[in-house]
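An overview of the molecular structure
Here is how the chains run, residue by residue.
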Amino acid sequence: MSARRPRAPICGLWLALLLPWVTACDDIDLGKLVLPLSPLMRMEPEPAGSHCPLGGTVVRVGLDLDGDEVLSDAEVTETRYTCLTPTPEVLVRVETVPPSERCAKGGQVSRAGRDLNGDGVLDDAEISREVYTCAPEGSRTVLTRVREGLAPGAPCSQSATLVDAGLDLDEDGQLSDFELRTTLVVCFGPMSHVVLELHPEGTARACPAGGTRVIAALDLNGNGRADLIEPQAYDFVCDEHHTFDGSYYAHDAVDLAALQGVSRIRGSLVVEHPRASLVELSLPALEGIDGDLSVRNSTTLERVDLPRLRGVGGDVNIEVNGVLTQVALGLPQRLPVFVGGSLNLNNNAALPDLEGFTYLVPRKSVVVSNNRALTHAEGRSGLMHVEQLAGQLSVHSNPLLERLPLPNLARVGSNVTLEYNAAMRRPVGTRLANVGGSLLIQRNGSLESLGGLDELANVDGELVIHSNDVLPHTMGLKALRRVGTLRVTSNPLLTDLGDMDALQVVDRAVIFEDNPALRTLRGLRRLTDLDTLSIGANPMLVSLSGLSNLVRTGTLTVSSNDSLAALSDLAALRELGSLSVERNANLLRLELPALVTVNKDLSIRANARLPACQVRTFAEHVFTGPPDGLFLEGNDDTAPCP
């Protein structure tokens, strides 16, 4: 583009060249004193890159030193960029900031505003947001670590050698997940035969501020180098570019535009003002957020696009966004995006799936709730890199969600809650093996089976199966070996309970209550010792055969089971602390032949058909507790005894 002559005050430009005795220039003809150098301006298109992620215009200004009326590169004294943004009427002007107290190593200032006059240039009067970003004060060391493991999405038939690499941002000499920027996969050969090479790279599209090429190769010829003929993988670890210090709050497109080109935020990025008018949250250059990423309470936001995102130090909160339909966090890189805190995905009424969260790896918790359009079809990726959570997993009140979206999740440190998911027929979609808290499966109106939990081995807290309207049985827990408490209650169509052939340790209690269709207990034959066993308000229950190997329990309560005729299925029971048998309308026989002692409390009451004389004889043989712990009343005084 041809050079333009901007209007400029000649007096101001040449004042420093005037003779010492000149004190004012109103009446002086400067042209008679010196030959003026003309200021020139050159405008050119700027391609998408480090200065303008979406492209724009570069404006170069300088003096026509050679008098040819063309601004050459050597004559440029100032460069400004006017950058395009996802919102057409919003422009950004980017200028270089020299080293100063504000930015010790220099940086840039981005000034954003709406192009009110439509001339394609952001004038000073149109600026409404200004952001300074500084260059890093020193170069960061590239760290690597080598490990063996599975590589989801990579064409490896078995375990591979994984090479993690990233910048030592905190200068502690250890590569943390937050610092990780790439993972290379070498599918073939042992880890001991993999060699690494690090090569400095200049500025390029892959790394606008330069960086390091990391190469991992299988050293077939044993020369200690990565030769071109050897199987290898490579990627770039980019140097930090522009960093914003502190938390950033964006309410509209202008606020967001001022962040274009920023690669790291040393704080949180927050978009949650109730009057925020953003339609798209797009930051093509952003790689790291030290704090939280919070996008909340928007009635206009439709898209979130952070394609280069590699880490979030705090939580990712995507909540109460009524029209949000598209989210893409780090997708083009196909590498894990580590989250130091939790993923909270709640009350997003239009969000259709979790494909934009595929590479997110939260360390603490995942909470997915009240997303009324959310689905996860078989074969979709889900959060495929999440293998364990230190906190909780809570998936509740998602009416269209049929499957859990965590295909490789094996361990959860706290509670797992699956509740009010009306379309979920089976809790498939994980590899869950260990739960450090409680596992709550409740109020899922279409749940037909517990299949999908076939790898579950341990629940430290309670395993609760409650109020699942159509659940007919508890099959699917074939690997379960230990629970803190097993509680199965208020499942209206449950007919068969048990099928837990591996279960051998219950630390606290087994509670089977208020299941109106329950007929049999089965598949619990490894249970021999319990603190508490409570079987109550199951009006159709006729068999306790699943507990036939139980030898001891601290407390046994059998109450309000109207179809139960005898306790003979507990034939191996030898020792009890407390026994309560009450309100079993058709109980005819106790029949506990191996029972030796009840040493605390014995209460046999209100069993309308149980002969009272049988009760008294039973108590005389087994009760060894204090007299005030014996309660025998309300049984059938008219029935004859053998």
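Look up: the structure comes first, before these words.
A brief look at the structure comes next. (Residues numbered from 1 in each chain as written. Predicted model: local features only at pLDDT ≥ 70, side-chain atom pairs only at ≥ 80, totals over all residues. Heavy atoms only, no water.)

Along the backbone of the chain there are 4 helices and 43 strands. Looking at the chain residue by residue over its 642 residues, the buried ones come to 51%. Residue pairs in contact within the chain that sit at least 24 positions apart in sequence constitute 47% of those at least 6 positions apart. About 28300 Å² of surface is accessible on the chain, with carbon and sulfur atoms providing 51% of the total. (Helix = DSSP H or I, 4+ residues; strand = E, 2+ residues; numbered from the N terminus. Buried < 20%, exposed > 50% of the residue type's maximum accessible area, 1.4 Å probe, protein only. Contact = heavy atoms within 4.5 Å. Areas by Shrake-Rupley, 256 points an atom, 1.4 Å probe, with all protein chains shown as cover.)

Before going further, it helps to examine the sheet that holds strand 12 (residues 232-238). Here 3 strands make up an open sheet; going across it, the order is 10-11-12 and the pairing antiparallel. At either margin of the open sheet sits one strand with a lone partner, and together these are strand 10 (194-201) and strand 12. Going across the sheet, the axis of each strand differs from the next one's by a mean of 20°, ignoring polarity. Bridge count between strand 10 and strand 11 (residues 211-218): 8 bridges; the pairing is antiparallel. When the bridges of strand 11 are listed, His199 appears paired with Arg213. (Pairing = 2+ DSSP bridges. Axes fitted to C-alpha atoms, helices over the stretch in contact; angles between N-to-C directions.)

A separate point is unusual backbone geometry. As a rule of thumb, non-glycine residues mostly have phi less than zero, and peptide bonds are mostly trans rather than cis. Positive phi values are uncommon outside glycine, yet Asn297 reaches one of about 60°. Take Asn297: it is sitting in strand 19 (residues 293-298). Within the chain, Tyr420 stands out as a residue other than glycine whose phi angle is a positive 55°. Tracing the backbone through its elements, the reader meets Tyr420 in the loop between strand 31 (416-419) and strand 32 (434-435).

On the basis of which strands lie adjacent, the open sheet formed by 3 strands has the order 17-20-23 and parallel pairing. What marks the edges here is a single partner per strand, and that holds for strand 17 (280-282) and strand 23 (326-329). Strand-to-strand twist in this sheet, taken as the mean axis angle between neighbours without regard to direction, amounts to 5°. Inspection of the sheet shows strand 20 (residues 303-306) paired to strand 23 by 4 bridges, in the parallel sense. Paired with Asp305 across the strands is Ala328, a residue of strand 23.

This part covers the pattern of salt bridges. Scanning all chains against the criterion turns up 33 salt bridges. The residue Arg111 makes a salt bridge to Glu95 at a minimum N-O spacing of 3.3 Å. Of this pair, Arg111 sits in strand 5 (residues 107-114) while Glu95 is found in strand 4 (residues 90-97), placing the two residues 16 residues apart along the sequence. Each member of the pair Arg111 and Glu95 is classed as buried. Asp499 is paired through a salt bridge with Arg522; the nearest N and O atoms lie 3.1 Å apart. With Asp499 in the loop between strand 36 (496-498) and strand 37 (505-513) and Arg522 in strand 38 (residues 520-522), this residue pair connects regions lying 23 residues apart in the sequence. The exposure class assigned to Arg522 is partly exposed, which follows from its relative accessible area of 30%. Put simply, Arg93, Glu95, Arg111, Asp124 and Glu130 are held in one network by salt bridges that share partners. (Salt bridge = Lys/Arg side-chain N within 4 Å of Asp/Glu carboxyl O.)

Here we take up empty space enclosed by the protein. Scanning all chains against the criterion turns up 3 cavities of 30 Å³ or more. Counted as a void, the second largest cavity has a volume near 40 Å³. Forming the boundary of the second largest cavity are Thr85, Pro86, Thr87, Ala253, Leu256, Ala257, Gln260, Leu278 and Glu280. Considering every element that reaches the lining of the second largest cavity, the biggest residue donor is helix 3 (residues 253-257), with 3 residues. Its residues assigned to classes, the lining of the second largest cavity shows 5 nonpolar, 3 polar and 1 charged. (1 Å grid on protein atoms, 1.4 Å probe; cavity = no way out; pocket = protein on both sides within 12 Å on 5 of 7 lines; lining within 4 Å. Points joined across faces, edges and corners; volume = space filled by probe spheres on them. Nonpolar A, V, L, I, M, F, W, Y, C, P; charged D, E, K, R; others polar.)

Here the focus is the environment of Gly313. On the secondary structure map, Gly313 appears in the loop between strand 21 (311-312) and strand 22 (316-321). Its relative accessible area of 31% is what places Gly313 among the partly exposed residues.

Turning next to helix 4 (residues 612-622). Helical periodicity: at 3.6 residues per turn, an α-helix aligns residues three or four positions apart in one direction. All of the buried residues in helix 4 are Ala612, Cys613, Val615, Phe618, Ala619 and Val622. Along its buried surface, helix 4 packs onto strand 41 (575-582), strand 42 (597-605) and strand 43 (630-633).

Relative to the helices and strands, His242 is located in the loop between strand 12 and strand 13 (243-245). Separated by 106 residues in sequence, His242 and Pro136 place their C-alpha atoms 7.6 Å apart. What His242 contacts, discounting residues up to four positions off in sequence, is Gln108, Thr133, Cys134, Gly261, Val262, Ser263 and Arg264.

For the coordinates displayed, the defined rule picks out 1 aromatic pair. Taken together, a centroid distance of 5.3 Å and an interplanar angle of 85° make the contact between Phe244 and Tyr248 edge-to-face. For the pair Phe244 and Tyr248, one class covers both residues: buried. (Phe/Tyr/Trp six-rings, centres within 6.5 Å; stacked < 30°, edge-to-face > 60°.)

Our focus in this paragraph is the pairing of strand 42. One ladder, built from 7 bridges, connects strand 41 with strand 42; its direction is parallel. Bridge assignment links Val581 to a residue of strand 42, and that residue is Ile604. With helix 4 bridging strand 42 and the parallel strand 43, this β-α-β connection has right-handed handedness. (Right-handed = clockwise from strand over helix to strand, strands pointing away.)

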